[in-house]
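Observations on the three-dimensional arrangement
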Amino acid sequence: MTSIASRVRIVQGDITKLKTDAIVNAANRSLLGGGGVDGAIHRAAGPELFKECRTIKGCKTGDAKITHGYNLPATWIIHTVGPNLNAGDDKEKLRDAYQNSLNLAIDTKEIKTIAFPCISTGIYGYPQEEAAHIALEVTRKTLKEYEILEEVIFCVFLDSDREIYERLKPVYFPD
Ligand code: ADP
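Keep in mind it's a predicted model, so treat the numbers as computed, not measured. Every residue gets a number counted from 1 within its own chain, in the order that chain's sequence is written. Only residues with pLDDT of 70 or above have their local features reported here, since the model is predicted, and side-chain atom pairs are shown and tallied only from 80 upward, although totals for entire chains, interfaces and linings are computed over all residues. Excluded from the side-chain calculation are hydrogens and water; included are all heavy atoms of the structure.

Considerations on the side chain of Asp38
With respect to the helices and strands, Asp38 occurs in helix 1 (residues 36-45). Exposure categories follow from relative accessible area, calculated using a 1.4 Å probe and restricted to protein chains: below 20% of the type maximum is buried, above 50% is exposed, and the middle band is partly exposed. His is not counted, nor are the chain ends, whereas Lys and Arg count as positive and Asp and Glu as negative. Salt bridge, as used here, is a side-chain nitrogen of Lys or Arg placed within 4 Å of a carboxyl oxygen of Asp or Glu. An unpaired buried charge is present at Asp38: no salt bridge exists, and Arg43, the closest side chain of opposite charge, is 9.2 Å distant. Should any heavy atoms of two residues lie within 4.5 Å, those residues are considered in contact. Those residues in contact with Asp38 that lie beyond four places of it in its chain are Asn25, Ala26, Ala27, Asn28 and Gly33. We count a stretch as a helix when DSSP gives it H or I for four or more residues in a row; a strand needs E for two or more, and each element gets its number in order from the N terminus.

Written out as structure tokens, the structure is:
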């Protein structure tokens, strides 16, 4: 069996360029696009994404919904809504956002590789390091339980996030 650590990768850059089965979008509850990574994903995927999102009727904080990837190299987009700390949302919802995104990937069965941005740590104001602990902890537990997931990528954008994830990865994935 491959080690759990070998199924986790940190990549720095634009998540819209990744050719994974799914990328995760740090969306807002409307699912109709926004700033940051959400805006980048909508721009890269094209207007068909907006059309499909309009049929979904939003997403609650901590939940996840799936759409096609359209013009992206990734086949699927899993849209999740992390807590907005600037609006007083419950911090614990970040755990739900990661877990529900992974659960949806597993339920979809054909998703074996998935890439996450640093959910909630931009406009939504979640402290970066605290968020990384949650992301790594939920991922560790899920990878242990579900062998169907071959690879989880943490797509960091900022140097500060790369430093955090590279430092914490061996703490959560020593093997
Ligand atoms: P949120 O509203 O959930 O806080 P943001 O999009 O504001 O989401 O920020 C989340 C993270 O995504 C931040 O670390 C930000 O630097 C990063 N980010 C912005 N654009 C991209 C991109 N194209 N690819 C990957 N990460 C991105």
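Some thoughts on helix 5 (residues 159-172)
Its 14 residues give helix 5 an end-to-end C-alpha distance of 20 Å, which sits within 8% of 20 Å, the value for a rise of 1.5 Å per residue. For helix 5, every residue scored as buried is listed here: Asp161, Ile164, Tyr165, Leu168, Lys169 and Tyr172. Elements that come into contact with the buried residues of helix 5 comprise strand 1 (8-12), helix 3 (93-108), helix 4 (128-145) and strand 6 (151-156). The span expected for a helix works out to 1.5 Å for each residue beyond the first.

Description of the pairing of strand 2 (residues 22-26)
In terms of burial, strand 2 is largely enclosed, as 5 of its 5 residues are buried. Where burial is concerned, the two faces of strand 2 agree: the one with Ala22, Val24 and Ala26 and the one with Ile23 and Asn25 are both buried. Strands pair, by our definition, only if DSSP identifies at least two bridges between them. The pairing of strand 2 with strand 4 (residues 76-80) spans 5 bridges and is parallel. Each residue of the ladder has a partner; that of Ala26, found in strand 4, is Thr80. With 2 bridges joining them, strand 2 and strand 5 (residues 113-116) adopt parallel strand pairing. When the sheet's bridge partners are listed, Ile23 is paired in strand 5 with Ala115.

Quick look at the site of the ligand
Proximity criterion: a residue is near a molecule or strand once any of its heavy atoms comes within 4 Å of it. Near the ligand you find 16 residues, and of these Asp14, Val37, Ser120, Gly122 and Ile123 are the closest. A distance of 3.0 Å is found between a nitrogen atom of the ligand and a backbone nitrogen or oxygen belonging to Ile15. In the model, an oxygen atom of the ligand is placed 2.9 Å from a nitrogen or oxygen of the Ser120 main chain. Surface accessibility in these figures is a Shrake-Rupley result with a 1.4 Å probe; residues are shielded only by whichever protein chains are displayed. For the ligand, the protein covers 90% of the area, taking 570 Å² as the surface of the free molecule. Polar contact criterion, stated in full: a pair of N or O atoms within 3.5 Å, where within protein one must be able to donate a hydrogen and the other to accept it, and residues adjacent in sequence count only if both atoms are side-chain atoms.

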